[in-house]
Amino acid sequence: PLMGLALVTMVYGACLTLAQTDIKRFCACSTISQISYSVFGVGAMTALGIQGGIFYFLSHILGKAVLFSTAGMVVYVTGQRDMTKMGGLSGQLPTQMVLWMMAAMILSALPPTSGFVGKWLFFNGAFQRASSHPAGILMIVIAVLSTLLTLVYTFGAGFRIFFGQSAGGTGRIKKAPLSMALPVLMLALLSLILGIYPEPVLTLFASVIQLGS
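Residues numbered from 1 in each chain as written. Predicted model: local features only at pLDDT ≥ 70, side-chain atom pairs only at ≥ 80, totals over all residues. Heavy atoms only, no water.

This part is about the overall build of the chain. The secondary structure content of the chain amounts to 8 helices and 0 strands. In the chain, the order of α-helices and β-strands from amino to carboxyl end is α-α-α-α-α-α-α-α. Over its C-alpha trace the chain gives a radius of gyration of 18 Å, about what one expects of a compact globule, namely 17 Å for 213 residues. In terms of overall dimensions, the chain has a C-alpha envelope of 60 × 35 × 20 Å along the principal axes. Residue burial in the chain is summarised as follows: out of 213 residues, 49% are buried. Here the contacts in the chain between residues at least 6 apart in sequence split such that 82% fall between residues at least 24 apart. As presented, the chain carries roughly 10,000 Å² of accessible surface, and 72% of it is formed by carbon and sulfur atoms. (Helix = DSSP H or I, 4+ residues; strand = E, 2+ residues; numbered from the N terminus. Rg over C-alpha atoms; globule rule 2.2 N^0.38 Å. Buried < 20%, exposed > 50% of the residue type's maximum accessible area, 1.4 Å probe, protein only. Contact = heavy atoms within 4.5 Å. Areas by Shrake-Rupley, 256 points an atom, 1.4 Å probe, with all protein chains shown as cover.)

Structure, rendered in structure tokens:
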């Protein structure tokens, strides 16, 4: 039942995010969908599902921190929150463009980010729980397909902001201090490190799960 509720929230949260034009509301609404993936893994109640669900939650924290911070930088330099009034900012904000795309990769669980490791684990854990029941298999298939919605809204918003046609609503662009971008870049690099070498964190989680069981 918990996996089923999480699945509904994944899709609902993604559709809610797709409907947003305010860049900060966009980031906030996507959290509804993203946290549900962790709940889906934990709801499987298998060691692998719980391990993957917790790891994905850690990954989501990194990815969402990068996305929210980048959105904040865009608002700071443009003085605008409405994404429909943005466009063609890649030339003026190349660092923010790279950071947004890295956040999109993490949240969309593309390799070699930590998001890919987390989703791979908890989907395997969920399959262990539900593979013997047709409804369970259908639930997992829908959950996997729902990840495409994350791909659409994260990269879609990024292309709109940084590569879309300028709507002329941003006015004069200020230059963002390097001190804003450096900490965010470190979080993105940490996600890449965890995606390539997740063993220490996974070992820690596994030992805690075994103690709890």
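Don't stop here, the text continues.
A complete count under the given rule lists 1 salt bridge for this structure. For D22, the salt bridge is made with R81, and the minimal N-O distance between the two is 3.1 Å. Taken together, the positions of D22 in the loop between α1 (2-18) and α2 (23-43) and R81 in the loop between α3 (47-78) and α4 (94-107) put the pair 59 residues apart, joining distant regions of the chain. For D22, a relative accessible area of 18% gives the class buried. The partly exposed category is assigned to R81, whose relative accessible area is 37%. (Salt bridge = Lys/Arg side-chain N within 4 Å of Asp/Glu carboxyl O.)

So, about helix α7 (residues 178-196). Given 3.6 residues to a turn, an α-helix orients residues that are three or four positions apart in the same direction. Relative to the 27 Å expected for 19 residues at 1.5 Å per residue, α7 spans 27 Å between its end C-alpha atoms, a close match to the ideal helical length. Among all positions in α7, only A181, V184, A188, S191, L194 and G195 are buried. Buried residues of α7, seen end-on, are gathered within an arc of 145° and therefore sit on one face of the element. Residues of α7 that are exposed and point more than 90 degrees away from the buried face comprise L178, S179, M186, I193 and I196. (Expected span 1.5 Å × (residues − 1). Arc of directions from axis to C-beta.)

This part is about a nonpolar patch on the surface. A cluster of nonpolar residues, F127, I137, V141, L145, L148 and L151, forms a patch on the protein surface that exposes about 510 Å² of accessible area. Per-element accounting of the nonpolar patch gives the leading share, 5 residues, to helix α6 (residues 134-162). Turning to its location among the elements, L151 is positioned in helix α6. We classify L151 as partly exposed; its relative accessible area is 32%. (Patch = residues over 30% accessible without salt bridge, like charges linked within 9 Å, V, L, I, M, F, W, Y side chains within 5 Å.)

This part is about the side chain of S30. Within the secondary structure, S30 sits in helix α2. With residues up to four places along the chain from it excluded, the contact list for S30 reads T17, K64, L67 and Y153.

A few words now on the packing of α2 against α3. For any two helices packed against each other, the geometry is given by the interaxial angle and the distance between the axes. One can describe the packing of α2 onto α3 by two numbers: an axis separation of 8 Å at closest approach and a directional angle of 175°. As far as their axial angle goes, α3 and α2 are roughly antiparallel. Its residues placed into classes, the contact of α2 with α3 shows 15 nonpolar, 8 polar and 2 charged. (Axes fitted to C-alpha atoms, helices over the stretch in contact; angles between N-to-C directions. Parallel < 35°, antiparallel > 145°, perpendicular 65-115°, else oblique. Nonpolar A, V, L, I, M, F, W, Y, C, P; charged D, E, K, R; others polar.)

Glancing now at the nonpolar core. With 33 residues, the main nonpolar core has I23, F26, L67, L89, W100, I161 and F162 as its most contacted residues. Within the residue set of this core, elements represented by two or more residues are α2, α3, α4, α6 and α7. Here the element with the most residues in this core is α4; it accounts for 8 residues. If we skip the residues at most four places from it in the chain, I23 touches A71, V74, V75, R81, M83, W100 and I161. (Core = buried A, V, L, I, M, F, W, Y, C linked by side-chain atoms within 4.5 Å.)

It is worth spelling out the packing of aromatic side chains at this point. Aromatic ring pairs: the centre-centre distance and the angle between the two ring planes describe each pair. With the rule as written, the count across this model stands at 10 aromatic pairs. Ring centres of Y37 and Y56 lie 6.0 Å apart, and the angle between their planes is 65°; this geometry places the pair in the edge-to-face category. With Y37 in helix α2 and Y56 in helix α3, this pair connects stretches of sequence that are 19 residues apart. When the centroid spacing of 6.4 Å and the interplanar angle of 35° are considered together, the rings of Y37 and F122 count as tilted. Note that Y37 is positioned in helix α2 and F122 in helix α5 (residues 114-130), a separation of 85 residues in sequence. An identical accessibility class is assigned to Y37 and F122; each is buried. Through successive ring pairs, a cluster of aromatic residues spans Y37, F40, Y56, F122 and F123. Note that K119 overlies the ring of Y37, its terminal NZ or CZ placed 4.0 Å from the centroid. (Phe/Tyr/Trp six-rings, centres within 6.5 Å; stacked < 30°, edge-to-face > 60°. Lys NZ or Arg CZ within 6 Å of the ring centre and 35° of its normal.)

Spatial relationships are all this shows, so hold off on functional conclusions.
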